[in-house]
Amino acid sequence: MSEAFVILIGLAFGSFLNVCAYRIPRKKTLLFSRSQCPNCGHTIPFYYNIPVLSFILLKGKCRYCGEKISFQYPIVELFTAFITWALFVNFGLTAQTLFYAVFVYSLIVIAVIDIKTHLILNKVLIVVLVLGLLINFFGRVIPFIDALLGAVIGGGVMFLVAILGNRIFKQEAMGMGDVKLALVSGFFLGWKLILWSLYIGFVIALLSIGVIWIIKKKSVPRHIPMGPFFASGFILNLFYGQQLFEWYLGLFS
Ligand SMILES: [Zn+2]
């Protein structure tokens, strides 16, 4: 399979992930329903619904009402294509690629929904976990005991941090959604990588909040969705976990 073809498939999946991120919180059906402009409701014909290309040709505006189309759409499409390509190059046409694609695709949907609604939805997590269990059962990507430990340790550590954080900040710094996200991600990453990924996720979160604090002149919004920070940590470590960890240890020797 050529890499160009993989990128095209990735773009198509990215387009579908946008549909998921829009429709799931609104409880709309995912399949057999044409895309519509969120503003004017006009059905979008397929030739205006080509990933990235349509956004550029339409100059980021709806063809019918002129309403701006969010940059989220091409960004998600490009990022999904990039990840799909990276998985294919790293793991080839294997159960591993399928396993991690399901994981990363869902992280993308979860991150977008979390940014927009501040919610990490149970139904997304459950679907992902079931798919992960099935693929791992047939494809044997990681030992089941490692996946199980990853889920228990990932969820457990995040639960403790959430409780501690809420005590310290006297408000809900992290929700149970983050705990469940860590649990499901632990299943995909195994116990070693989930621990390291959570650590990296916190570092990314702290750095980002620091930047927000500086940009917004020392005021930070009351609620910051943490999902995207952890999702970035998980994706980064999926590819570079080992190298990153060795580099980190090297800092102290
Ligand atoms: Zn429109």
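This one's a predicted model, so the numbers in the text were calculated from it and none came from an experiment.

The rules we used
Residues numbered from 1 in each chain as written. Predicted model: local features only at pLDDT ≥ 70, side-chain atom pairs only at ≥ 80, totals over all residues. Heavy atoms only, no water. 1 Å grid on protein atoms, 1.4 Å probe; cavity = no way out; pocket = protein on both sides within 12 Å on 5 of 7 lines; lining within 4 Å. Points joined across faces, edges and corners; volume = space filled by probe spheres on them. Helix = DSSP H or I, 4+ residues; strand = E, 2+ residues; numbered from the N terminus. Nonpolar A, V, L, I, M, F, W, Y, C, P; charged D, E, K, R; others polar. Domains from an automatic or database assignment. Buried < 20%, exposed > 50% of the residue type's maximum accessible area, 1.4 Å probe, protein only. Donors = N, O, S within 2.8 Å, 3.2 Å for Na, K, Ca; no water. Tetrahedral: all angles 85-135°; square planar, octahedral: opposite > 155°, others 65-115°. Polar contact = N/O pair within 3.5 Å; in protein donor to acceptor, adjacent residues only side chain to side chain. Axes fitted to C-alpha atoms, helices over the stretch in contact; angles between N-to-C directions. Parallel < 35°, antiparallel > 145°, perpendicular 65-115°, else oblique. Contact = heavy atoms within 4.5 Å. Patch = residues over 30% accessible without salt bridge, like charges linked within 9 Å, V, L, I, M, F, W, Y side chains within 5 Å. Areas by Shrake-Rupley, 256 points an atom, 1.4 Å probe, with all protein chains shown as cover. Salt bridge = Lys/Arg side-chain N within 4 Å of Asp/Glu carboxyl O. Phe/Tyr/Trp six-rings, centres within 6.5 Å; stacked < 30°, edge-to-face > 60°. Lys NZ or Arg CZ within 6 Å of the ring centre and 35° of its normal.

Peer 1: Break down the layout of surface pockets for me, with residues and values.
Peer 2: If a probe the size of a water molecule is rolled over the atoms, the empty space left behind becomes visible. There is about 840 Å³ of room inside the largest pocket. Within the residue set of the lining of the largest pocket, elements represented by two or more residues are α1 (3-23), α2 (53-57), α3 (72-91) and α4 (95-117). Of the residues forming the lining of the largest pocket, the biggest block, 6 residues, is contributed by α1. For the lining of the largest pocket, a count of residues per class yields 19 nonpolar, 12 polar and 9 charged. Residue assignment places the lining of the largest pocket across two domains, with domain 1 (1-92) and domain 2 (94-253) each supplying three or more. For the second largest pocket, the calculated volume is near 640 Å³. Lining the second largest pocket we find 27 residues, and of these F13, L17, A101, V102 and Y105 sit closest to its centre. Sorting the residues of the lining of the second largest pocket by element identifies α1, α3, α4 and α5 (122-139) as the ones contributing at least two each. Per-element accounting of the lining of the second largest pocket gives the leading share, 7 residues, to α4.

Peer 1: Describe unusual backbone geometry, naming the residues involved and giving the relevant values.
Peer 2: In this model, K27 sits at a positive phi of 55 degrees, which is unusual for a non-glycine residue. With respect to the helices and strands, the residue K27 is situated in the loop between α1 and α2. With a relative accessible area of 71%, K27 lands in the exposed category. The backbone phi angle of H118 is positive, close to 60 degrees, even though this residue is not glycine. By the secondary structure assignment, H118 is in the loop between α4 and α5. A relative accessible area of 37% places H118 in the partly exposed class.

Peer 1: Quick rundown of the coordination of the zinc ion? Include the residues and the values.
Peer 2: Those protein atoms acting as donors to the zinc ion are C37 (SG), C40 (SG), C62 (SG) and C65 (SG), and they sit at 2.3 to 2.4 Å. Viewed at the metal, the 4 donor atoms of the zinc ion are separated by angles of 105 to 117 degrees, and the geometry they form is tetrahedral. For the zinc ion, the donor residues sit on a single chain with the sequence spacing C-x2-C-x21-C-x2-C. Taken as a pair, C37 in the loop between α1 and α2 and C65 in the loop between α2 and α3 lie far apart in primary sequence, 28 residues in all.

Peer 1: Summarise the side chain of D114; cite the residues concerned and give the values.
Peer 2: With respect to the helices, strands and loops of the structure, D114 is situated in helix α4. Only 3.5 Å separates the side chain of D114 from the backbone nitrogen of L119, close enough to count as a polar contact.

Peer 1: Explain the packing of α4 against α5 to me, and be specific about the residues and the numbers.
Peer 2: In contact at an axis separation of 9 Å, α4 and α5 are set at 175 degrees when each is read in the N-to-C sense. As judged from the angle between their axes, α4 and α5 are roughly antiparallel. Within the contact between the two elements, α4 uses A95, L98, F99, V102, S106 and I110 and α5 uses V124, L125, V128, L131, G132, I135, N136 and G139.

Peer 1: Explain a nonpolar patch on the surface to me, and be specific about the residues and the numbers.
Peer 2: A surface patch of nonpolar side chains, about 720 Å² in accessible area, is lined by L133, F144, I145, L148, L149, V152, W191 and L195. Those elements that place two or more of their residues in the nonpolar patch are α6 (144-169) and α7 (176-215). In terms of residues, the nonpolar patch owes the most to one element, α6, which gives 5 residues. Structurally, the position occupied by L195 is in helix α7.

Peer 1: Outline the environment of V112, supporting the account with residue identities and numerical values.
Peer 2: Along the polypeptide, V112 turns up in helix α4. For the pair V112 and P225, spaced 113 residues apart in sequence, the C-alpha separation works out to 9.9 Å. Residues in contact with V112, not counting those within four places in the same chain, are A21, Q72 and V76.

Peer 1: How would you sum up the packing of aromatic side chains? Please name residues and give values.
Peer 2: For the structure shown, the criterion picks out 20 aromatic pairs. Centre to centre, the rings of F103 and F234 are 6.3 Å apart; their planes meet at 35 degrees, and the pair counts as tilted. With F103 in helix α4 and F234 in helix α8 (residues 227-250), this pair connects stretches of sequence that are 131 residues apart. Note on F234: relative accessible area 0%, which makes it buried. An aromatic cluster is built from F91, F99, Y100, F103, F187, F188 and F234, whose rings are joined through pairwise contacts. Sitting above the plane of the Y22 ring, R26 keeps its charged end 3.8 Å from the centroid. The aromatic ring of Y64 is capped on one face by R63, whose charged end is 6.0 Å from the ring centroid.

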